[in-house]
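# Per-entry structural report
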Amino acid sequence: MSDATPETIYLKDYQPFPFQIAQVELTFRLKPRATRVLSRIAFTPNPARPGRHDLFLHGEKLKLISAAIDGKPLPDSALAITAGGLTVAAAHLPQGPFTWEAEVEIDPEGNTALEGLYMSGGIYCTQCEAEGFRKITYYPDRPDVMAPFRVRIESEMPVLLSNGNPEGRGKGWAEWDDPWPKPAYLFALVAGDLVNLPDRFTTRSGREVELNIWVRKGDLDRCHYAMDSLKRSMTWDEEVYGREYDLDIFNIVAVDDFNMGAMENKGLNIFNSKLVLASPETATDLDFERIEGVIAHEYFHNWTGNRITCRDWFQLCLKEGLTVFRDQEFTSDMRSAPVKRIADVLTLRARQFREDMGPLAHPPRPDHFVEINNFYTATVYEKGAEVIGMLKHLVGDDGYRRALALYFDRHDGEAATIEDWLKVFEDATGRDLTQFKRWYTDAGTPRLSVSEAWNDGTYTLTFAQATAPTPGQAEKPARVIPIAVGLLNPNGDEILPTTILEMTEGTQSFRFEGLATRPIPSILRGFSAPVVLDRKVTQAERAFLLAHDTDPFNKWEAGRSLARDALSRMILEGEDPSGQLISALEAMAGDDSLDPAFRALCLHLPSADDLAQSLADAGHEPDPDRIHAEQKRLAKAIAARLEPTFERLFGAMEVHGAYAPDAAQSGARALRLAALSYLNRIDGGARAKALYASATNMTVRQGALICLIENGTAEAALADFRDRFGANRLVMDKWFASQVLHAPPADAPGVAARLAADPDFDWKNPNRFRALMGGLSANHAGFHQSSGAAYDFYAGWLIRLDALNPQTTARMSTAFETWARYDAGRRAKARAAIERVLATPGLSRDSTEMLARMLAARQT
């Protein structure tokens, strides 16, 4: 563990920066091991902080060559330099405006943390969010300090890019000007031997915008879908939110080494190449959808994140939650809204609910942090989006539209807070959102219990809400919860269409009068709030809802609950109560009036992690081996019973003609592969082998390959896959991940070790590391082997990576997040692995914070 005690930053201590910046001018003289950065920054006193103040500029791992104020060099005695920055005492500063000039030297090639300016395969690129700019030059690296930037790049690289509009270029240089004030975390620079896919977009006001996607030579043919997604995003944002692009050029650059998915730098988005490059032969339908969504997300940040940014990093969920909500809306409009909603809830429950119920729980807006990189979490992103969705439920579509218009008008060019965001809704709609604000300030997932009564034509639903204590927060007052409810007659007719019930108290009842018969309720339609719904429901009622509910989400939820209940009883009691489930699935799967993509989702059984959490919530210590065995037993029983249905679907859902990654074709392929996954359990892999051999796209090829891996008959297919795609770094990530994720649990640690020794395992590349280690941690029974072999293997690799890339290491460490829910033997081995990593000399602040929080979980 690091000897230095990391400093905790608190929201309550926020103060504006003492100075404002009128203009930033930067010159980069690029060299791989010795880049010089010259800065010229025009400071003025900030009226919000009257009086004389020292000038503190963040800076890390910088070699200071010179520093001056108003052209006069500063002596060493005027500068106090620490590992975190540089201070000029107030006595050395003019009382009015002044210009700071500095020259520093940095080492991009040696920057393995991939923060600041670094090199990826010979390309210079940057990643400055959250605090990477301080590794480029001395600067107030905080989001509330916004300024226009002018940048000059000097290099022999043929392509030189930065934020804003191009101002000029010549042999060995280029200049860029960004007129829109921005914080330093949005700064970007790229220099490399790149080629571009060009296009143009005409805004609704008639302005012409030049579009480019820049990639390595050889990757150009896989950029077209990303460009199409960008243009559709720009059109959608104009039509739905009234937001028009504001520069003359928009550039996207794809790089291979990137800690995140993508970055919304003003006018120069930098992307992980896996979220740009796609062709039918190399990318799956899910890859195409993900590219579409992330391209949209980063573009939408131009207004919700760039033009209006966050005042401090505690407000991160303001820009990220809102932008995730917007990209979810976009994908829903481009594809199937019900399928998108189900997919989003699956992600929320798998990632954010797990976070909220464990040692890493925190509010969407935390009140303190040690390392801000550790708060780029599902709570900030996905739960942040859910909070926006609830707000829209409460104020209605028109109220939401008016509030957003006011938000853009009032706060354009500002660094805003959650309070600013809620105030525009209060001003636009007249609502008091004081209680609603608890969704931003309180951690934890509320549990919503339901009881019901029927008396002479009146049906009453009584809800009670409770939220368990989370680290640092014991008291959880009642929140505002929008509960979408519909009522069905016993014959399946809907007698009450979806209605929003607004719960504001700890316990609250709602009455429905004048009913002829006792209804069947459909509660939390569309998953109108991120809560856990506790209601005693018979299998017969769930089967009824799966057959008759008019709300697609609750229709799916009924089938999901049927499967979870059946599996829980099989795991705990050894029973086989799956008859009603299988009959319901048979009716649903064979109903050709339903969207194929929806049917495919309904056929997916609950994940092992989902089942483990359900068992833990009920007071049981989940047994990963038993969970895996009963999942296999149920899947085989479904396959045997529904074999004729699956055979028909496997044939009927075959897509003929040219490949398209649209909703119709993707849904058909998803249902066909879902049928194959069941047939594969009873046909020995014959269909999968034939399908792999005839596959013409990656969706089908990878789906067949996974079936063969699960059957233990994939040796020839894996060799063929490598022969075909060995030179394609993104496709080879699939090769690594699939083998360990779908390996028999007993073999998983050995498979991972074998693959880690493969010459193509470039562990320094975040995508490759995530592919292998993420695949192992997602193999539930394999990772949680009672021997602890996987824990020990994984911990060793965290230690190795942390020395080079703390950010990726800290994020990957969350594989241990749920260690405390298992039996004493597994807990002891997991704890030993965590402590082993924490004992590493010089362990990064990022990893130390995450693992220490996990270790604080229940230890009994």
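Let us look at the structure shown here. Keep in mind that what you see is a predicted model, and the values were worked out from it rather than measured.

### Section: the side chain of Asp442
- Here Asp442 lies in the loop between α7 (438-441) and β25 (447-455).
- Buried charge Asp442 goes without a salt bridge, the closest partner of opposite sign being Arg479 at 4.6 Å.
- Among the polar contacts listed, one links the side chain of Asp442 to the side chain of Thr441, at a separation of 3.3 Å.
- Here Asp442 is in contact with Pro363, Pro364, Lys383, Gln473, Pro477 and Arg479, once residues within four sequence places are set aside.

### Details of the packing of aromatic side chains
- Summed over all chains, the structure comprises 48 aromatic pairs.
- Arranged with centres 5.1 Å apart and planes meeting at 75°, the rings of Phe133 and Tyr139 form a pair that is edge-to-face.
- Look at Tyr139 and you get buried, because its relative accessible area is 0%.
- Ring centres of Phe721 and Phe725 lie 5.0 Å apart, and the angle between their planes is 55°; on these two criteria the pair is classed as tilted. With Phe721 and Phe725 both in helix α18 (residues 715-725) and four residues apart, the pair spans about one turn of that helix.
- Note on Phe721: relative accessible area 0%, which makes it buried.
- Over the face of the ring belonging to Trp303 we find Arg243, whose NZ or CZ atom lies 4.6 Å from the ring centre.

### Examining the packing of helix α10 (residues 579-589) against helix α11 (residues 596-603)
- Direction vectors running N to C along α10 and α11 enclose 165°, while the axes themselves pass 10 Å from each other. The angle between the axes of α10 and α11 places the two elements in the roughly antiparallel class. Helix-helix and strand crossings are classified by hand; for α10 and α11 the assignment is left-handed. Residues Leu585, Met588 and Ala589 of α10 lie in contact with α11, whose contacting residues are Arg599, Cys602 and Leu603.
- A class-by-class count of the residues in the contact of α10 with α11 yields five nonpolar, no polar and one charged.

### Overview of empty space enclosed by the protein
- Within the structure shown, the criterion is met by two cavities of 30 Å³ or more.
- Taken as a whole, the largest cavity spans an internal volume of roughly 60 Å³.
- If you trace the largest cavity, you find it lined by Trp556, Gly559, Arg560, Ala563, Leu585, Leu601, Cys602, Leu603, His604, Leu605 and Tyr678.
- Contributing elements (two or more residues each) for the lining of the largest cavity: α9 (552-573) and α11.
- Considering every element that reaches the lining of the largest cavity, the biggest residue donor is α9, with four residues.
- Here the residues of the lining of the largest cavity are counted per class, giving eight nonpolar, two polar and one charged.
- Taken as a whole, the second largest cavity holds about 30 Å³ of empty space.

What counts and what doesn't
Residues numbered from 1 in each chain as written. Predicted model: local features only at pLDDT ≥ 70, side-chain atom pairs only at ≥ 80, totals over all residues. Heavy atoms only, no water. Helix = DSSP H or I, 4+ residues; strand = E, 2+ residues; numbered from the N terminus. Buried < 20%, exposed > 50% of the residue type's maximum accessible area, 1.4 Å probe, protein only. Lys, Arg positive; Asp, Glu negative; His and termini not counted. Salt bridge = Lys/Arg side-chain N within 4 Å of Asp/Glu carboxyl O. Polar contact = N/O pair within 3.5 Å; in protein donor to acceptor, adjacent residues only side chain to side chain. Contact = heavy atoms within 4.5 Å. Phe/Tyr/Trp six-rings, centres within 6.5 Å; stacked < 30°, edge-to-face > 60°. Lys NZ or Arg CZ within 6 Å of the ring centre and 35° of its normal. Axes fitted to C-alpha atoms, helices over the stretch in contact; angles between N-to-C directions. Parallel < 35°, antiparallel > 145°, perpendicular 65-115°, else oblique. Left-handed = near helix turned anticlockwise from the far one by under 90°. Nonpolar A, V, L, I, M, F, W, Y, C, P; charged D, E, K, R; others polar. 1 Å grid on protein atoms, 1.4 Å probe; cavity = no way out; pocket = protein on both sides within 12 Å on 5 of 7 lines; lining within 4 Å. Points joined across faces, edges and corners; volume = space filled by probe spheres on them.

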